[in-house]
Amino acid sequence: ERDQEAYIGTKYIGTNVTADQIMFRCNTPQSGVVVTPDYTLNIIPYSDMYLTVRYGNSPTPQQIRAKAGQEYEITTSLTEMDDTAILIYCASRIQALNDLSACYIHDNDFSKASKLKTLIIGSTVEGYENTFLESLNMGNNTLLETLDVRNCPNLAGSINLSACINLENLYAEGTAISSATFARNTS
């Protein structure tokens, strides 16, 4: 029944799936870009559903009928974004996202992406810098194993990863993170 609810909810964009969303705002740097901005998303769903993505204030989201475990590409005609929101509905059924470093993320909420295993927001490409990212909203990401926020120099202060009980790798070189709270009783 839960799979059916997610499938129908994403097809007809019900209120349950719009409340269960990944949100991040994208930007286009003005100069000194070594990683060309690209807002293409490659998404792998955890279960059969309609992958539903809304770019900005678009009246209709993009939808693709998707099978569990297969990767799907969602593109946009937008070539520049200025604090433009991207919403991915039914976040609790998303297994994987591509490397998001080319989206130059600012405000974000990944707290409902409970089945996400890897989240890459930063990059190791020499000269890469995402100055837009200042905070990271993680939540009950219980399956998250790897978090990469490298070369996001304005990401500062403390980062709360206490609900990420399976986190094995945190890559934070080139940030101003002063501390991280990890899950208790994990190795």
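Once a new chain begins, its residue numbering starts again from 1 and follows that chain's sequence as written. Where local features are concerned, this predicted model is filtered to residues with pLDDT of at least 70; where side-chain atom pairs are given and counted, the filter is 80 or more; whole-chain, interface and lining totals use all residues. Remark: hydrogens and water are excluded; side-chain values derive from all non-hydrogen atoms of the structure.

So, the nonpolar core
Working step 1: We define the nonpolar core as a collection of buried residues of types Ala, Val, Leu, Ile, Met, Phe, Trp, Tyr and Cys that are connected through side-chain atoms lying within 4.5 Å of one another. Here's how the labels work: a residue is buried when its accessible area is under 20% of the maximum for its type, exposed when over 50%, partly exposed in between, all with a 1.4 Å probe on protein chains only. Among the nonpolar cores identified, the biggest contains 42 residues, and F24, I88 and F110 are the most heavily contacted of them.
Working step 2: Strands are runs of DSSP state E lasting at least two residues, helices are runs of H or I lasting at least four, and both sets are numbered from the N terminus onward. Ranked by residue count, the leading element in this core is strand β3 (residues 49-55), at 4 residues.

Quick look at the pairing of β3
Working step 1: Among the 7 residues of β3, 7 are classified as buried, and the element is accordingly described as predominantly covered.
Working step 2: Only strands that DSSP links by at least two bridges are regarded as paired with each other. In the sheet, β3 pairs with strand β4 (residues 62-66) via 5 bridges, with the strands oriented antiparallel. In the sheet register, Y50 faces β4, and the bridge partner there is R65.
Working step 3: The antiparallel hairpin formed by β3 and β4 contains 6 residues in its connecting segment, where G56 sits at a positive phi of about 60 degrees.
Working step 4: In this structure, β3 lies alongside strand β6 (residues 82-89), joined through 3 bridges in antiparallel fashion. Each residue of the ladder has a partner; that of R54, found in β6, is L87.

Focus on the sheet that holds strand β1 (residues 21-27)
Working step 1: Spatial strand order, β4-β3-β6-β1-β8: 5 strands in an open sheet with antiparallel pairing. Across the chains shown, the open sheet's two edge strands, defined by having one partner strand only, are β4 and β8 (105-109). Taken over all neighbouring pairs, the strand axes of this sheet differ in orientation by 15 degrees on average, direction set aside. Axes, fitted as lines to C-alpha atoms, cover a helix only where it is in contact. Angles between the N-to-C directions of the axes lie from 0 to 180 degrees.

Describing the sheet that holds strand β10 (residues 146-148)
Working step 1: The 3 strands lie next to each other as β9-β10-β12, forming an open sheet whose pairing is parallel. Sheet topology places β9 (118-120) and β12 (169-171) at the edges, where each strand pairs with a single neighbour. Across the sheet, the axes of successive neighbouring strands diverge by a mean angle of 0 degrees, strand direction being ignored.
Working step 2: Both β10 and β12 contribute to a ladder of 3 bridges, which runs parallel.

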